[in-house]
Amino acid sequence: MLKLSVKIVDVLMKLIAYFWIGAAVFAVLLGAAYVLVNLFNYVFMTSGLILIGYIAVQIHKEYLK
């Protein structure tokens, strides 16, 4: 009976360890995804602003001849 309970505890400890490793990996992946999404947002925002600025300058040139 004692050996069985030790085995159960051992299995539980392994499960908990694997759970925490999985959670850590998941957190890292989530963080990387978050950073990538923010990077893309930043790139799109800046390129959008540059594009808007460029269009505004072109319109400005057309009407101020």
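Coordinates for the structure precede this section.
Everything quoted here is computed from the prediction, not taken from an experiment.

(A) Region of the structure containing the overall build of the protein chain. When helices and strands are tallied, the protein chain shows one helix and zero strands. Taking 65 residues into account, the globule formula puts the C-alpha radius of gyration at 11 Å, and the protein chain, at 28 Å, lies well above it. Each principal axis of the C-alpha atoms in the protein chain carries an extent, and together these give about 95 × 10 × 5 Å. For the protein chain, the residues scored as buried account for 0% of the 65 residues in total. About 6,400 Å² of surface is accessible on the protein chain, with carbon and sulfur atoms providing 81% of the total.

(B) Summary view of the pattern of salt bridges. Tallying each qualifying case throughout the model produces one salt bridge. Note that K14 is salt-bridged to D10, the shortest N-O span being 3.9 Å. One end of the pair, K14, and the other, D10, are both in helix α1 (residues 2-63), four residues apart, so they sit about a helical turn from each other. Here D10 falls in the partly exposed class, since its relative accessible area comes to 40%.

(C) Local environment of the packing of aromatic side chains. Applying the stated criterion across every chain yields a total of two aromatic pairs. With a centroid separation of 5.5 Å and an interplanar angle of 70°, the aromatic rings of F19 and W20 are classed as edge-to-face. Both residues of the pair, F19 and W20, count as exposed.

(D) Summary view of the environment of I52. With respect to the secondary-structure elements, I52 resides in helix α1. Remark: the alpha-carbon pair of I52 and L2, spanning 50 residues in sequence, is separated by 74 Å.

(E) Just a nonpolar patch on the surface, in detail. A contiguous nonpolar surface patch, about 1,100 Å² in accessible area, is contributed by L4, I8, V9, V11, L12, M13, L15, I16, F19 and W20. Structurally, I16 can be placed in helix α1.

Thresholds applied
Residues numbered from 1 in each chain as written. Predicted model: local features only at pLDDT ≥ 70, side-chain atom pairs only at ≥ 80, totals over all residues. Heavy atoms only, no water. Helix = DSSP H or I, 4+ residues; strand = E, 2+ residues; numbered from the N terminus. Rg over C-alpha atoms; globule rule 2.2 N^0.38 Å. Buried < 20%, exposed > 50% of the residue type's maximum accessible area, 1.4 Å probe, protein only. Areas by Shrake-Rupley, 256 points an atom, 1.4 Å probe, with all protein chains shown as cover. Salt bridge = Lys/Arg side-chain N within 4 Å of Asp/Glu carboxyl O. Phe/Tyr/Trp six-rings, centres within 6.5 Å; stacked < 30°, edge-to-face > 60°. Patch = residues over 30% accessible without salt bridge, like charges linked within 9 Å, V, L, I, M, F, W, Y side chains within 5 Å.

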